[in-house]
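Inside the fold
Single-letter residue listing:
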Amino acid sequence: MHSTGCLLVLLHSFLGYSHILQGPQSAAVLLHSDALFNCTLSKPWVIMTWLLKGRTVLTVLSATGPVVTDPRFTSRNNTEGNAFTTELIISNVSLQDSGVVMCDLQNNGTKEANLSVQVNGSLQITNHSLTVLQDHSTAIVCQASNWYPEPKITWMLNKTWADPQNYTTDSTLSTDFYDTTSTLRLAPSSDVTIVCVASIPALPEPQTTTVNLRVTAEHTKPSNNKTVLIAVTVTVSAVALIVLIIVGIVFCCKKRTSAKSSYQEEMRKVSQSRSPNGQNSKTPQIQGKNNLGFSAENISGNLEIHGSHGTGSTTAALEVPDVIQTNNERHYPVNPKKIKQATVV
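Residues numbered from 1 in each chain as written. Predicted model: local features only at pLDDT ≥ 70, side-chain atom pairs only at ≥ 80, totals over all residues. Heavy atoms only, no water.

Some details on the sheet that holds strand 4 (residues 47-52)
As a reminder of what qualifies: Two strands form a pair only when DSSP identifies at least two bridges running between them. A helix here means a DSSP run of H or I that spans at least four residues, while a strand means a run of E at least two residues long, and both kinds are numbered starting from the N terminus. Structural elements are reduced to axes, namely lines fitted to C-alpha atoms, with helices fitted over the stretch in contact, and the angle between N-to-C directions of any two is expressed from 0 to 180 degrees.
Pairing in this open sheet of 6 strands is mixed, and the strands run 2-10-9-4-5-6 from one edge to the other. Edge positions in the sheet fall to strand 2 (27-30) and strand 6 (65-68), since each of these pairs with one other strand and no more. For this sheet, the mean inter-axis angle between neighbouring strands, taken without regard to orientation, is 25 degrees.

Examining the state of the cysteines
Where we set the bar: Our working definition of a disulfide is a cysteine sulfur pair at a distance within 2.5 Å. Buried, partly exposed and exposed residues are distinguished by accessible area as a fraction of the type maximum, computed with a 1.4 Å probe on protein chains only: under 20%, between the cut-offs, and over 50%, respectively.
With the rule as written, the count across this model stands at 2 disulfides. Across the disulfide, Cys 39 is cross-linked to Cys 103 (sulfur-sulfur distance 2.0 Å). Looking along the S-S bond of the Cys 39-Cys 103 disulfide, the torsion reads about -75 degrees, which is the left-handed sense. With Cys 39 in strand 3 (residues 35-42) and Cys 103 in strand 9 (residues 99-105), the pair connects residues that are 64 residues apart, well separated along the chain. Given the relative accessible area of 0%, Cys 103 is considered buried.

Concerning the environment of Ala 27
Our working definition: For this analysis, residues touch if any pair of their heavy atoms sits within 4.5 Å.
Relative to the helices and strands, Ala 27 resides in strand 2. It is 7.8 Å that separates the C-alpha atoms of Ala 27 and Ala 113, two residues lying 86 residues apart in sequence. Apart from the residues within four sequence positions on either side, Ala 27 is in contact with Phe 37, Asn 114, Leu 115 and Ser 116.

Details of the sheet that holds strand 13 (residues 138-147)
Taken in spatial order, the 4 strands of this open sheet run 11-13-17-16, and their pairing is antiparallel. Of all strands in the sheet, those with a lone pairing partner are strand 11 (122-125) and strand 16 (167-174), marking the two edges. For this sheet, the mean angle separating the axes of adjacent strands, direction not counted, is 15 degrees. Here strand 11 pairs with strand 13 via 4 bridges, running antiparallel.

A closer look at the pattern of salt bridges
Short version of the rule: Whenever a carboxyl oxygen of Asp or Glu lies within 4 Å of a side-chain nitrogen of Lys or Arg, that contact is scored as a salt bridge.
Within this structure, the stated rule accounts for 2 salt bridges. Between Arg 76 and Glu 87 there is a salt bridge, and its shortest N-O distance comes to 2.7 Å. A residue pair is termed long-range when its members are at least 10 positions apart, and Arg 76 in strand 7 (residues 73-80) and Glu 87 in strand 8 (residues 83-90) qualify at 11 residues. We classify Arg 76 as partly exposed; its relative accessible area is 48%. Accessibility expressed as a relative area gives 14% for Glu 87, which makes it buried.

Details of a nonpolar patch on the surface
Using the following cut-off: Residues form patches when they are more than 30% accessible in relative terms and have no salt bridge. Like charges link within 9 Å. Nonpolar side chains (Val, Leu, Ile, Met, Phe, Trp, Tyr) link within 5 Å. Here the open area of atoms and residues is found with the Shrake-Rupley method and a 1.4 Å probe, where only the protein chains shown may cover a residue.
Judged by side-chain polarity, Val 228, Val 232 and Val 236 come together as a nonpolar surface patch covering roughly 270 Å² of accessible area. Checked against the element boundaries, Val 232 lands in helix 2 (residues 222-274).

Structural notes on unusual backbone geometry
Backbone torsion omega between Lys 43 and Pro 44 reads -10 degrees, so that peptide bond is classified as cis. Relative to the helices and strands, Pro 44 is located in the loop between strand 3 and strand 4. The backbone phi angle of Thr 175 is positive, close to 60 degrees, even though this residue is not glycine. Mapped onto the secondary structure, Thr 175 falls in the loop between strand 16 and strand 17 (177-186).

Quick notes on the nonpolar core
Using the following cut-off: Only buried residues count toward a nonpolar core. Its members are Ala, Val, Leu, Ile, Met, Phe, Trp, Tyr and Cys residues joined through side-chain atoms within 4.5 Å.
Residues Phe 37, Leu 41, Met 48, Trp 50, Leu 88, Ile 90 and Leu 115 are the most contacted members of the largest nonpolar core, which totals 25 residues. Within the residue set of this core, elements represented by two or more residues are strand 2, strand 3, strand 4, strand 5 (55-61), strand 8, strand 9 and strand 10 (110-118). Among the elements that make up this core, the one with the highest residue count is strand 3 (4 residues). Formed by 22 residues, the second largest nonpolar core is a distinct cluster that contains Val 192, Ile 194, Ala 198 and Val 211.

Points about the packing of aromatic side chains
Under the convention used in this document: When the centres of two rings from Phe, Tyr and Trp lie within 6.5 Å, Trp using its six-membered ring, the rings pair. Their planes under 30 degrees apart give stacked, over 60 give edge-to-face, and anything left gives tilted.
Overall, the coordinates contain 2 aromatic pairs when judged by the stated rule. A ring pair is formed by Tyr 148 and Tyr 178, whose centres lie 6.3 Å apart and whose planes are at 25 degrees; its orientation type is stacked. One end of the pair, Tyr 148, is in the loop between strand 13 and strand 14 (152-157); the other, Tyr 178, is in strand 17, with 30 residues separating them in the sequence. Residue Tyr 178 is classed as partly exposed on the basis of its relative accessible area, which comes to 21%.

Right under this line is the structure:
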């Protein structure tokens, strides 16, 4: 046993001593992309292996090159002077590939690095209205969905970084991904271009979304215009209604007056047509009628009795006014005529 150990030492001394000159560097890559790791060895070397999360994924021999057992894990080799560099290529990485990557030079040490597989999700500003009143406070909301790891959210206003005190950020982990919401509060005095910026280490450039916030003056409020319009409409409608009522009343009065005049004219024409010999209706026409003006007063005083008592013949003189009738009116003369009446028994 002791002789065997001595033989190995003599062999290494004869062949020369090999060690790892530079180990792999940690890497953050996006989901479904390729991850690359380099390990540089000094010559001479015999065998080295690549391990992912403690599992050997690729073996490289100095005499024959890489021994591939999984097509997702391959390598490229390069020799420069007394240094040999082997590059591990992990294709189409998944979230399960995240972990420790190790370069192992048999019997001469190891070097480790970390692989982080990351996901950039969607990014959008969710505000429906992008018009605000001048110097009025408003909130702009930026939503980052399905990211891994948690993204860092920042804001830019007209190409200037916003003060972190002006926005807040909250994140929740759902299954394997993060949903992050950032709210920016501002009170702009003029139009402003707003940019929401989300970044993770695997992104070469941050992901952004941009909106233009329009600022309007306070006197252009739509509510004031509507109030004035309603007031004017109501006033004009009220005046028009009053004018229509007055016109209606005047028209009705004129119509009644015209109807009354027409009626009187028709009655005058009828009266003229009924007058005999075409005489004017104002001239009284005497007709014989029942003497309704007869009065029996003072009959006893005016009664004259002639003849003897035995004959039973009496004669009485009565004053009876003549009756003059014109159309539907009766006229009684002022001085009634005396009418002698005789009664024979």
